[in-house]
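Read off the chains here:
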Amino acid sequence: MRDIEKYYKNTENALPHPIVKKIIDLNIKPENAIDLGCGAGRDTIFLIKNGWNVLAIDKEDTEEIISSKLDNEEMKKFRFTSQDFECVKLEKTKLLVANFSIPFCKKDYFNQFWNKIVDSILKERLFCWKFFWIK
């Protein structure tokens, strides 16, 4: 089993990241969201179960892992696409979640990638992310 598959296996039942929980606590009207680097779907699933339509994007095909946690009605709010960050296509969105994923973009493409992120987020909307830190 590849390391990434072990990671998905270990995180497929993980709770959503605390920052995503805080967004739900803000009682913002659910609309469209992108989960960039969605992994096994912990944030995607939580957002969908709280009324959001989510486009989940990951380099690996994790669609089956995520869809197995959703019922038929929730599946209507879920879309998945497998993309590399270096050539990712992002839609306009009210919320973009990128927890622990941005550093996986190759250095030479980072500025283009970052500009795509900025361009995809509608004005006065939300962008939440988390990088890798020791503390």
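In the block above lies the structure referred to throughout.
If you're wondering where the values come from, they're calculated on a predicted model, not measured in any experiment.

### Digging into the overall build of the protein
Part 1 of the reasoning: In terms of helices and strands, the protein carries 6 helices and 5 strands.
Part 2 of the reasoning: With respect to the principal axes defined by its C-alpha atoms, the protein has extents near 40 × 40 × 30 Å.
Part 3 of the reasoning: A buried classification covers 39% of the 135 residues belonging to the protein.
Part 4 of the reasoning: Excluding contacts between residues fewer than 6 apart, the proportion of contacts in the protein whose partners are at least 24 apart in sequence is 65%.
Part 5 of the reasoning: Total accessible area computed for the protein in this model is approximately 8500 Å², and 52% of it derives from carbon and sulfur atoms.
Part 6 of the reasoning: The average position of the 23 basic charges and that of the 21 acidic charges among the side chains of the protein differ by 5 Å.

### A few points about the environment of Val-97
Part 1 of the reasoning: Residue position: Val-97 is located in strand E4 (residues 93-99).
Part 2 of the reasoning: For Val-97 and Ala-56, which are 41 residues apart along the polypeptide, the C-alpha to C-alpha distance reads 9.5 Å.

### Focus on unusual backbone geometry
With the exception of glycine, the majority of residues adopt a negative phi angle, and the majority of peptide bonds are in the trans configuration.
Part 1 of the reasoning: If you check the backbone angles, Asn-27 has positive phi at about 55 degrees while not being a glycine.
Part 2 of the reasoning: Relative to the helices and strands, Asn-27 resides in the loop between helix H2 (18-25) and strand E1 (32-36).
Part 3 of the reasoning: The backbone of Phe-100 shows a phi angle near 60 degrees, a positive value even though the residue is not glycine.

### Notes on the packing of aromatic side chains
Part 1 of the reasoning: Taken as a whole and assessed by the stated rule, the structure comprises 2 aromatic pairs.
Part 2 of the reasoning: Look at Phe-85 and Phe-113: their rings are 4.7 Å apart centre to centre, the planes differ by 15 degrees, and that puts the pair in the stacked class. Linking Phe-85 in the loop between strand E3 (78-82) and E4 with Phe-113 in helix H6 (residues 110-120), this pair joins segments that are 28 residues apart in sequence.
Part 3 of the reasoning: Residue classification places Phe-85 among the buried positions, given a relative accessible area of 8%.
Part 4 of the reasoning: A centroid spacing of 6.0 Å and a plane angle of 25 degrees characterise the contact between Phe-110 and Trp-114, whose relative ring orientation is stacked. Of the two residues, Phe-110 and Trp-114 are both situated in helix H6; the distance of 4 residues between them amounts to about one turn of the helix.

### Brief notes about the pattern of salt bridges
Side-chain pairs of opposite charge can arise whenever the charged atoms involved come near each other.
Part 1 of the reasoning: This structure, assessed with the given rule, holds 4 salt bridges.
Part 2 of the reasoning: Across the pair Lys-94 and Glu-31 runs a salt bridge, and its minimum N-O distance is 3.2 Å. Of the two residues, Lys-94 sits in strand E4 while Glu-31 sits in the loop between H2 and E1, which places them 63 residues apart along the sequence.
Part 3 of the reasoning: Linking Glu-73 and Lys-76 is a salt bridge whose minimum nitrogen-to-oxygen distance equals 2.8 Å.

### Focus on the nonpolar core
Part 1 of the reasoning: By size, the foremost hydrophobic cluster in this structure holds 17 residues, and its most contacted members are Leu-47, Trp-52, Ile-66, Phe-78 and Leu-95.
Part 2 of the reasoning: For this core, the secondary-structure elements that each account for two or more residues are H2, helix H3 (42-49), strand E2 (53-58), E3 and E4.
Part 3 of the reasoning: With sequence-adjacent residues up to four places away left out, Trp-52 is seen in contact with Ile-24, Ile-28, Lys-29, Pro-30, Glu-31, Asn-32, Ala-33, Leu-47, Lys-77, Lys-94 and Leu-95.
Part 4 of the reasoning: Counting 13 residues, the second-largest nonpolar core is a separate cluster that includes Leu-55, Ile-57, Val-88 and Ile-121.

What counts and how
- As a convention, each chain's residues are numbered from 1 in the sequence order in which they are written.
- In keeping with the predicted nature of the model, local features appear solely for residues at pLDDT of at least 70, side-chain atom pairs appear and are counted solely at 80 or more, and the whole-chain, interface and lining totals rest on all residues.
- Only hydrogens and water are set aside; all other atoms, that is, all heavy atoms of the structure, feed into the side-chain values.
- Where helices and strands are cited, they refer to DSSP runs of H or I of at least four residues and of E of at least two residues respectively, numbered from the N terminus.
- Under the scheme applied here, a residue whose accessible area is under 20% of the maximum for its type counts as buried, over 50% as exposed, and between as partly exposed, the area being computed with a 1.4 Å probe on protein chains only.
- It only takes one pair of heavy atoms within 4.5 Å for two residues to be counted as in contact.
- Method for areas: the Shrake-Rupley scheme with a 1.4 Å probe, in which residue coverage is limited to the protein chains shown.
- A residue counts as positive if it is Lys or Arg and as negative if it is Asp or Glu; His and the chain ends are not included.
- The atoms used to mark charge sites are NZ of Lys, CZ of Arg, CG of Asp and CD of Glu.
- Ring geometry is summarised as follows: Phe, Tyr and Trp rings, the Trp one being its six-membered ring, pair when their centres sit within 6.5 Å, and such pairs are stacked at plane angles under 30 degrees, edge-to-face over 60 and tilted between the two.
- In what follows, salt bridge is the name for a side-chain nitrogen of Lys or Arg lying within 4 Å of a carboxyl oxygen of Asp or Glu.
- By nonpolar core we mean a set of buried residues, namely Ala, Val, Leu, Ile, Met, Phe, Trp, Tyr and Cys, connected to one another through side-chain atoms within 4.5 Å.

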